[in-house]
Amino acid sequence: MQKLTKVVLWKGRTDPANRVIPAHLKLAILSRGTLPIAADAVTPFLDLARASGATWPDRLTGPLSDAGPAFPVTFELFQNQRLTLTPNEIREAIDGYLVLRRKNDLSQTCWRLIYAWMPARDRTTLERRFDVDLGELFRAPHVTVRPSDDPFRHLLVYYVCLPLAVSRLVAPPAPRRLPSPLPPRPSGKPPILGLLKPNTELHFRDGPSTSAKSLGVQAGTAARVIVKDKQEADDRLWYRFELTDPARIVPEVGDPLTKASTLPAGTSAWASANALDILVVDWALVRNDLAEFDTANASLSVGARITALRQRLHAKNLPFDVVIGTDHGKVYLDDIPFDAGRWQLGRDYQAFVAPDGRWVDLQHLAVAMDVLDRREDTVDFLKIPIGTNYAAATWSGDVGAAAADASLHVDATTWERWNPTAMAAARLQFYFTTRASEHDLLGDLDGWGVQDVRSRNRGIQQIDGLITLYYEDTTPGGERTLTARRRVALQRFLKHYGFTYDAARDFPNYPVFPRQNGPMGRFLREINLFGSIWMLRRNPNLTLSHDPNAWHPSFVGEMTTQLLWWLEQQVIENGAEA
């Protein structure tokens, strides 16, 4: 067994009674150590790369040991400063951190960085996996993990840096035709992915009925699930799922967390549809459904078909037709009849796993594809200005809703009640990520890239063909697989809104977007305008207030900054400049 003896510590973070940690950090690193791990033991990292969409591991012409007997694996101990973070939000924070770390410190020695993370209480699992002793990683910063601690209070992040020598073992990819042929349709209802809402109180039950035995009421955990079945009963839609993360529950709606317990990963349950935030299907299924939609609407032009798809993906009472500037449609989300034998586009799922491994919201993508094919113009709703159609239909709609809902404390009876001691930054983070999640923002952004594909390939008259051409062109990134055309999407977006980015000049000064006054000012205005109409949608009585600012959201600046931080990280990771 190798013993970790050399550990890097962070100044001011070693006293457990007074760790000096900047307030803006979500995850604070406490200690770091690196050990050489034998090539055979490192090989399982290749499965992590495959899971993120990488194809190069399957083109290796020999074992990793042909590139060297061992590779450096780094182990890092973090303290979670915001225990309200969901597992997905933790992953996104680590993604962003490692993108910056590799470019700052490891770019010359690290051809590919592959990582995973786990709660620190599972340390022994990691030690057995690599036959190492990580005790010093905990002793040096004086960290003791107790069974009573929140399971996500301390986290272990571990990653391997594969050197350039590994790249020489990778055969070039076979030539492929894009768009690629349609894959076979998965039969029946294959298991799909899902995410529970952190702000609803609904029963988990042992059957699809309000009279079925309750396993407890969800209490603020955005746990990941595998969805396996669906059924209509008691005038509602039910889903059967299996937890892949633990989920906190209480016995009854409204119970305090003093009565909370935890359902372990692996638990099976039924819940009504509103318990789930999103359902996500694989690439083969979304492609088959889009091809089927193309065929069923073959009489329409591709532009009209995109509009029809967008309308199918949202309820008819949402004002996208007005904002985008289209006529009322024939089929909206509320019009789709229930089909027990398959997962239904729109009615069940609205997101997919792209070939690069990331989730993308299809409704946001369809909205962006629809609006970006039109002229940009300022728009009103109920005679109130809401900004431009490009922004209001996509990113400023998402982020403006976050600012409005945070201002109105929309989730005061759920998430805010469950997290009374949450700092202001954590509360705003919650409202941002639940209204402007990464999969939503990727849909908003990727529309700019699909529009570029469409403008360059006028012969493609199928939605499936356009989306396939955009997403299936992938490229290895330093930390994960990238959608190659996303760099174009970013460049078009930045140019349109007046942002500039030069990696050599700007990367050392990250973040720079919030300091670019012209585009920052426009973003603030767009988000404020949409946030105002969203405030009125939530509470029409605000128009009766004598306070002229009653229906203008607070936190516009904070939410705009969060969006620009995320945007700049995408620019850095994808190598986009403008």
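Residues numbered from 1 in each chain as written. Predicted model: local features only at pLDDT ≥ 70, side-chain atom pairs only at ≥ 80, totals over all residues. Heavy atoms only, no water.

S.K.: Could you clarify how one ought to interpret the sheet that holds strand 5 (residues 112-119) in this entry?
M.R.: Whether parallel or antiparallel, the strands of a sheet pair through hydrogen bonds between backbone atoms. Judged by pairing direction, the sheet is antiparallel, and its 5 strands sit side by side in the order 2-3-4-7-5 without closing on themselves. Because the sheet does not close on itself, it has two edges, and the strands there are strand 2 (8-9) and strand 5. By the bridge criterion, 8 bridges tie strand 5 to strand 7 (residues 154-162) in an arrangement that is antiparallel. The partner of methionine 118 across the bridge, within strand 7, is leucine 156. In the packing of helix 3 (residues 87-106) onto the sheet, contacts are made with strand 3 (27-38), strand 4 (70-80), strand 5 and strand 7, and the angle to strand 5 comes to roughly 145 degrees. On top of the sheet, helix 4 (residues 123-130) reaches strand 3, strand 4, strand 5 and strand 7; it is set at about 25 degrees to strand 7, its chief contact. (Pairing = 2+ DSSP bridges. Helix = DSSP H or I, 4+ residues; strand = E, 2+ residues; numbered from the N terminus. Contact = heavy atoms within 4.5 Å. Axes fitted to C-alpha atoms, helices over the stretch in contact; angles between N-to-C directions.)

S.K.: So what exactly am I meant to see when it comes to the packing of helix 7 (residues 283-296) against helix 8 (residues 302-312) here?
M.R.: Two quantities define a packed helix pair, namely the angle between the helix axes and the distance between the axes. Relative orientation of the contacting elements helix 7 and helix 8 amounts to 120 degrees, with a least axis distance of 11 Å. With respect to each other, helix 7 and helix 8 are oriented oblique. Crossing handedness for the pair helix 7 and helix 8: right-handed. Residues Leu290, Phe293 and Asp294 of helix 7 lie in contact with helix 8, whose contacting residues are Arg305, Ala308, Leu309 and Arg312. (Parallel < 35°, antiparallel > 145°, perpendicular 65-115°, else oblique. Left-handed = near helix turned anticlockwise from the far one by under 90°.)

S.K.: Where do I start with the layout of surface pockets in this structure?
M.R.: The probe, sized like a water molecule, is rolled over the atoms to show the empty space still left. Size it by volume and the second largest pocket reaches roughly 1,100 Å³. Broken down by secondary-structure element, the contributors of at least two residues to the lining of the second largest pocket are strand 3, helix 3, helix 14 (424-435), helix 15 (438-456) and helix 20 (556-574). For the lining of the second largest pocket, the residue count by class is 20 nonpolar, 9 polar and 12 charged. (1 Å grid on protein atoms, 1.4 Å probe; cavity = no way out; pocket = protein on both sides within 12 Å on 5 of 7 lines; lining within 4 Å. Points joined across faces, edges and corners; volume = space filled by probe spheres on them. Nonpolar A, V, L, I, M, F, W, Y, C, P; charged D, E, K, R; others polar.)

S.K.: Help me understand the pairing of strand 12 (residues 236-243) in this model?
M.R.: Remark: a regular strand shows side chains that alternate across the two faces of the sheet. In this structure, strand 11 (residues 224-233) lies alongside strand 12, joined through 8 bridges in antiparallel fashion. Within strand 12, the position partnered with lysine 230 by the bridge is tyrosine 239. Where strand 11 folds back onto strand 12 in an antiparallel hairpin, the turn is made up of 2 residues, including aspartate 234, whose phi is positive at roughly 55 degrees.

S.K.: Where do I start with unusual backbone geometry in this structure?
M.R.: In terms of backbone geometry, most residues other than glycine have negative phi values and most peptide bonds are trans. With an omega of -5 degrees, the peptide bond between tyrosine 510 and proline 511 qualifies as cis. Structurally, proline 511 can be placed in the loop between helix 18 (503-506) and helix 19 (517-538). Of note, the phi angle at aspartate 235 is positive, near 60 degrees, even though the residue is not glycine. Secondary-structure assignment places aspartate 235 in the loop between strand 11 and strand 12.

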